[in-house]
Amino acid sequence: MNATTLHISDAALNSLIINLCRKERETTHEFLRHLMEFDNRRLYVEQGYSSLFDFLTRRLGYSEGSAQRRILGARCMR
């Protein structure tokens, strides 16, 4: 357990979790928006990957399921 988390109050932890959740949603939306454009431009091909899925799993290290969910999310944004 991290020493900084040992001394955080319940109220501060609650506030932190809520704030991080909001930031995570904003970051996820921004990532998917840019992933959609990356896919539209097929930039993964220029980098030697056969597909966006291949890029996400091999280059960015996402699991197969995580990569597929991000691709579907980005394509749904179109």
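A brief look at the structure comes next. (Residues numbered from 1 in each chain as written. Predicted model: local features only at pLDDT ≥ 70, side-chain atom pairs only at ≥ 80, totals over all residues. Heavy atoms only, no water.)

Okay, the pattern of salt bridges next. All chains considered together, the criterion is met by five salt bridges. The salt bridge involving Arg-41 is made with Glu-37; its shortest N-O contact spans 2.7 Å. A relative accessible area of 54% means that Arg-41 is categorised as exposed. Judged by relative accessible area, Glu-37 falls into the partly exposed class, the value being 35%. With a shortest N-O distance of 3.0 Å, Arg-58 and Asp-54 are connected by a salt bridge. With Arg-58 and Asp-54 both in helix α4 (residues 52-59) and four residues apart, the pair spans about one turn of that helix. Among the residues examined, Asp-54 registers a relative accessible area of 12% and is labelled buried. A single network of salt bridges, built from pairs that share partners, joins Asp-39, Arg-75 and Arg-78. (Salt bridge = Lys/Arg side-chain N within 4 Å of Asp/Glu carboxyl O. Buried < 20%, exposed > 50% of the residue type's maximum accessible area, 1.4 Å probe, protein only. Helix = DSSP H or I, 4+ residues; strand = E, 2+ residues; numbered from the N terminus.)

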